[in-house]
Amino acid sequence: MDTLSLKEQVALWNEAFGDYLVPAVMTEASFTARMEKLQQSPHESLIAKVEGEAAAIILTGTRDFKNTRMAWIGGLAVVPRFRKMGVSRQLLERLFVGYREQGVAESRLEVISENVPALGLYQKLGYTEINELIYLTGNLQDYEVVGYQLKEVSDPNDYIALEEDALPWQNRIAAHHKIATIWRKEKQLGYIVYGASDDNLILLQVRLDNAPEQILDLLQAFYDTYGGISCAVFNEVVTSEYIPVLLDKGFEKIATQIQMRKII
């Protein structure tokens, strides 16, 4: 992909993802920030050309996890007029060649559940399902409970060691910088990995002893700090028991995704 200028990369991405099931269009600044944050490589990522014209794009990056080299596909799309020509399959097969050259043991990705053609292609190429994930959004509110105390963690290494194998790439601590332990009355109840700005909160790992009963106390702590900002729960397993609690409090489902893996 790095044979294209940044402007050309973003233009190709936006054209290919313009009719995607969820909004995916980016600016040059947001595209660059996403690539860096999620450790996506312009050199390892690929484009396809048809008769010299940019036709498709696939983003990828690699990372070591517990002595295993893993790769993640962070987006694959074909410009509409070049679809149904086998371009996606060719891109993926070429990507696998690069993975083998780098010693990648496993490739991971997520695909929108309703994207049946993409899901079928990945299955034909050897990807299998790990989990079904859900993406929720809502707004923080006063839940009229006593909020927990949150204590920021400065050294992430102990918490990186706790990350489970199935945890999605985007939710790992390596891609985010905020970790807080969760306390009530001098007792630690768990920890959370999240991202926060002045107007948005995103929950990436909720680790509570009894999340269904405690999730509102956690959100109250964030409300007490940030007020009624927007809040997202990203890539949580659909069967997590605290999800119905959030839906009952006004959160809405944006999408579900199938998390998949392929042994290279």
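These numbers come from a predicted model, not from an experiment. (Residues numbered from 1 in each chain as written. Predicted model: local features only at pLDDT ≥ 70, side-chain atom pairs only at ≥ 80, totals over all residues. Heavy atoms only, no water.)

A. Quick peek at the nonpolar core. With 44 residues, the main nonpolar core has L92 and Y122 as its most contacted residues. Tallying contributions element by element places helix α3 (residues 87-102) first for this core, with six residues. With residues up to four places along the chain from it excluded, the contact list for L92 reads I58, I73, L76, L121, Y122 and L125. Core analysis: the second largest hydrophobic core is formed by 27 residues, I134, Y194, Y242 and F251 among them. (Core = buried A, V, L, I, M, F, W, Y, C linked by side-chain atoms within 4.5 Å. Buried < 20%, exposed > 50% of the residue type's maximum accessible area, 1.4 Å probe, protein only. Helix = DSSP H or I, 4+ residues; strand = E, 2+ residues; numbered from the N terminus. Contact = heavy atoms within 4.5 Å.)

B. Quick look at the packing of α3 against helix α4 (residues 116-124). Relative orientation of the contacting elements α3 and α4 amounts to 40°, with a least axis distance of 11 Å. When the interaxial angle is binned, α3 and α4 end up oblique. When the axes of α3 and α4 are compared, the crossing they make is right-handed. Residues S88, R89 and L92 of α3 touch α4, and the partners they reach there are L121, Y122 and K124. Considered class by class, the residues forming the contact of α3 with α4 number three nonpolar, one polar and two charged. (Axes fitted to C-alpha atoms, helices over the stretch in contact; angles between N-to-C directions. Parallel < 35°, antiparallel > 145°, perpendicular 65-115°, else oblique. Left-handed = near helix turned anticlockwise from the far one by under 90°. Nonpolar A, V, L, I, M, F, W, Y, C, P; charged D, E, K, R; others polar.)

C. Examining the pattern of salt bridges more closely. Using the criterion set out here, one finds eleven salt bridges in the structure. Measuring nitrogen to oxygen at the nearest pair gives 3.2 Å for the salt bridge that ties R89 to E93. Residue R89 and its partner E93 are located together in helix α3, separated by four residues, close to a single helical turn. A relative accessible area of 35% means that R89 is categorised as partly exposed. E106 is the partner of R261 in a salt bridge, and the nearest nitrogen-oxygen pair spans 2.7 Å. Separated by 155 residues along the polypeptide, R261 in strand β11 (residues 252-263) and E106 in strand β4 (residues 106-112) bring together distant segments of the chain. Judged by its relative accessible area of 23%, R261 is partly exposed. One salt-bridge network, in which partners are shared between bridges, spans E106, R108, D165 and R261. (Salt bridge = Lys/Arg side-chain N within 4 Å of Asp/Glu carboxyl O.)

D. Expanded view of helix α1 (residues 6-16). Residues Q9, V10, L12, W13, N14 and A16 constitute the buried set of α1. Buried residues along α1 sit against α2 (28-37), β1 (46-50), β2 (53-65) and β3 (68-78).

E. A look at the layout of surface pockets. One number sums up the size of the second largest pocket: a volume of about 320 Å³. Lining the second largest pocket are 22 residues, with E164, R207, E236, V237 and S240 sitting closest to its centre. Counting residues per element, the ones that place at least two in the lining of the second largest pocket are β5 (128-139), β9 (200-208) and β10 (230-237). The element best represented in the lining of the second largest pocket is β9, accounting for six residues. (1 Å grid on protein atoms, 1.4 Å probe; cavity = no way out; pocket = protein on both sides within 12 Å on 5 of 7 lines; lining within 4 Å. Points joined across faces, edges and corners; volume = space filled by probe spheres on them.)

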